[in-house]
Amino acid sequence: MNTAFAQKIDAVIESLTPELVAYSKQLISFPTVAGQEQGAQEYLRTMLEERGFAVDMWEPDIQAMREFFPFFRGSRESFAGSPNVVGVRKGTGGGRSLMVNGHIDVVPPGERSAWNTDPFTGVLEGDRLYGRGISDMKIAHAAFLTCVDALEKLGVQLKGDLILESVVDEETGGAGTLAAIMCGYQADGAVIPEPTGMVACTSSPGVSYFKVKVKGRAFHGGTRYKGVSAIEKAMEVVTALQELEADRTMRLHHPLFPALIPFTINIGTIQGGAWPSMVPDEVVMEGRFGISPRETLESARAEFEKALAALAEEDPWFQEAPVEVEWTNNFLLPGESDPDHALVRVAAEHFRTVTGREMEIGGCGAGTDGGALMTFGKTPAIVFGPGHTAHCANEYIEISEAKRFAKILLAVIIDWCGMEESEDL
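The text that follows walks through the structure, step by step, so that each part is easy to find.

Procedures and definitions
- Residues numbered from 1 in each chain as written.
- Predicted model: local features only at pLDDT ≥ 70, side-chain atom pairs only at ≥ 80, totals over all residues.
- Heavy atoms only, no water.
- Helix = DSSP H or I, 4+ residues; strand = E, 2+ residues; numbered from the N terminus.
- Rg over C-alpha atoms; globule rule 2.2 N^0.38 Å.
- Buried < 20%, exposed > 50% of the residue type's maximum accessible area, 1.4 Å probe, protein only.
- Areas by Shrake-Rupley, 256 points an atom, 1.4 Å probe, with all protein chains shown as cover.
- Lys, Arg positive; Asp, Glu negative; His and termini not counted.
- Charge placed at Lys NZ, Arg CZ, Asp CG, Glu CD.
- Expected span 1.5 Å × (residues − 1).
- Arc of directions from axis to C-beta.
- Contact = heavy atoms within 4.5 Å.
- Polar contact = N/O pair within 3.5 Å; in protein donor to acceptor, adjacent residues only side chain to side chain.
- Core = buried A, V, L, I, M, F, W, Y, C linked by side-chain atoms within 4.5 Å.
- Pairing = 2+ DSSP bridges.
- Phe/Tyr/Trp six-rings, centres within 6.5 Å; stacked < 30°, edge-to-face > 60°.

1. Points about the overall build of the protein chain
Scanning the protein chain for helices and strands turns up 12 helices and 16 strands. For the protein chain, the C-alpha radius of gyration of 24 Å lies close to 22 Å, the compact-globule estimate for 425 residues. Looking at the protein chain as a whole, 55% of its 425 residues are labelled buried. With the model as given, the accessible surface of the protein chain reaches about 17700 Å², and the carbon-plus-sulfur share is 50%. Looking at the protein chain, you have 36 positive and 60 negative side-chain charges, and the mean spots of the two groups are 2 Å apart.

2. Observations regarding helix α7 (residues 230–251)
Here α7 contains 22 residues, and its C-alpha end-to-end distance of 31 Å stays within 8% of the 32 Å for a straight helix at 1.5 Å per residue. Along α7, the residues classified as buried are Ala230, Lys233, Ala234, Val237, Ala240, Leu241, Leu244, Glu245 and Arg248. An end-on view of α7 places all buried positions within 145° of arc, on one side of the element. Exposed side of α7, more than 90 degrees from the buried face: Met235, Glu243 and Met250 are the residues found there. Looking at the buried side of α7, the elements it contacts are β9 (206–215), β10 (265–272), β11 (282–291), α8 (297–309) and α9 (317–320). In this structure Ser229 caps α7, since a side-chain oxygen of it lies 3.2 Å from the backbone nitrogen of Ile231.

3. Looking at helix α3 (residues 38–50)
Its 13 residues place the ends of α3 18 Å apart at the C-alpha level, agreeing with the 18 Å of an ideal helix rising 1.5 Å per residue. If you check which residues of α3 are buried, you get Ala40, Gln41, Tyr43, Leu44, Met47 and Leu48. Along α3, the residues classed as buried sweep out an arc of 155° about the axis, all on the same side. Where α3 is buried, its residues contact α2 (17–28), β1 (54–58), β2 (84–89), α5 (134–154) and β6 (162–167). Gly52 sits one or two residues past α3 and shows a positive phi near 85°.

4. Some thoughts on the nonpolar core
The nonpolar side chains of a soluble globular protein tend to be buried, and buried together. Core analysis: the largest hydrophobic core is formed by 122 residues, its most contacted members being Val237, Phe304 and Leu410. With near-sequence residues (within four places) excluded, Phe304 lies in contact with Phe210, Val212, Leu241, Leu244, Ile265, Phe289, Val325 and Trp327.

5. Side note on the pairing of β6
Of all 6 residues in β6, 6 are buried, a share of seventy percent or more. When β2 meets β6, the two strands line up antiparallel, connected through 5 bridges. The residue of β6 that forms the bridge with Val85 is Ser166. Sheet analysis places strand β3 (residues 98–103) next to β6, joined by 6 bridges and oriented parallel. Bridged to Gly102 within β6 is Ser166.

6. Section: the packing of aromatic side chains
Counted according to the given criterion, the structure contains 18 aromatic pairs. Residues Phe72 and Phe331 carry aromatic rings whose centres are separated by 6.2 Å and whose planes lie at 75° to one another, so their mutual orientation is edge-to-face. Here Phe72 is found in the loop between α4 (62–68) and β2, whereas its partner Phe331 is found in strand β12 (residues 324–332), with 259 residues between them in sequence. In this pair, the class of Phe72 matches that of Phe331, namely buried. Between the aromatic rings of Tyr130 and Tyr396, the centroid separation amounts to 5.6 Å while the plane-to-plane angle is 55°, which identifies the pairing as tilted. Within this pair, whereas Tyr130 is found in strand β5 (residues 128–130), its partner Tyr396 is found in strand β16 (residues 396–398), the two being separated by 266 residues in sequence.

Here it is, written out as structure tokens:
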């Protein structure tokens, strides 16, 4: 892409700043917590259809997904009122297809008093636009629409297909992207604009939520030695999981995940006991299991279960009452793309042009839909987007950073998909 055309991209995105902000505000205004995504998805369907996209809008079928993906659990019994939206604008032919995948669901805003603004209004203060979900990740949808408007203003006709996936359930289980994969949607490359702070992540860890039940034997607290405390046995389980985490940290070293503990095992809740003067007979712990992109969901879960089953070799109680492990509904698959893939090189070139810096390549700090796209969707992908305030009170995006991202995304779309030659360009 020559310098003159790069300058045109810069100028057209700058001219569309009001539209970028307006689309963002409109998307923030839809409180798309789990089960309330319908309005935003209908808005996107209309916007895409007006721009020449063929749009598919459907509610994921839980039973069909369970049959298609044996590991699937599902975060709810029905996705009624929570549809996916996929828009496809066919190219003229001879180019590569590009998918932009973004989840429309957001986490709840939390305590309203922690917010300086209404979480679902979209308040612009200086360079910052505040609102729940704007960083994670409604700016992705707004930037995509802005890029499509820019293509029209530039008179660009793409050779390859351009696809937007606006999916549900990323925050609570990943069903939306899995449903799109099941329907056959894939591309030659994908960008997932999660808030990575503009780091291009080619590796996405997996996440699997677990529930562990530890049994004891109830007895009067005055003669507690005649019972078996589930709380004391749960302490052994916690130690076993800490040892597993330490072992996995040593074995699963990955150059793109330099964190002290890249794939954590976190126990988030503990419940147990029924009465102060009674030996507790059950403890239930729930938590998050981090999975390396270089292992499968199945193999990682098997390792977790084996570590807890091994407790029976050291403590006879666990032979009598084995620890019960349940894999619950929230999971995201691990996945990895080649850091030297052509899409990464294209993104790096345009990142350099727009920012004047070299693009940093890393691994995602949290699970994303990228793993499913890379592993089951057979789509090489990079997780790359603006922002760094996901799930925070007073979540915001800097408009200046959002514009830089839109300029890079537009250049990647044109370069990757290819464009028909025109005297005006």
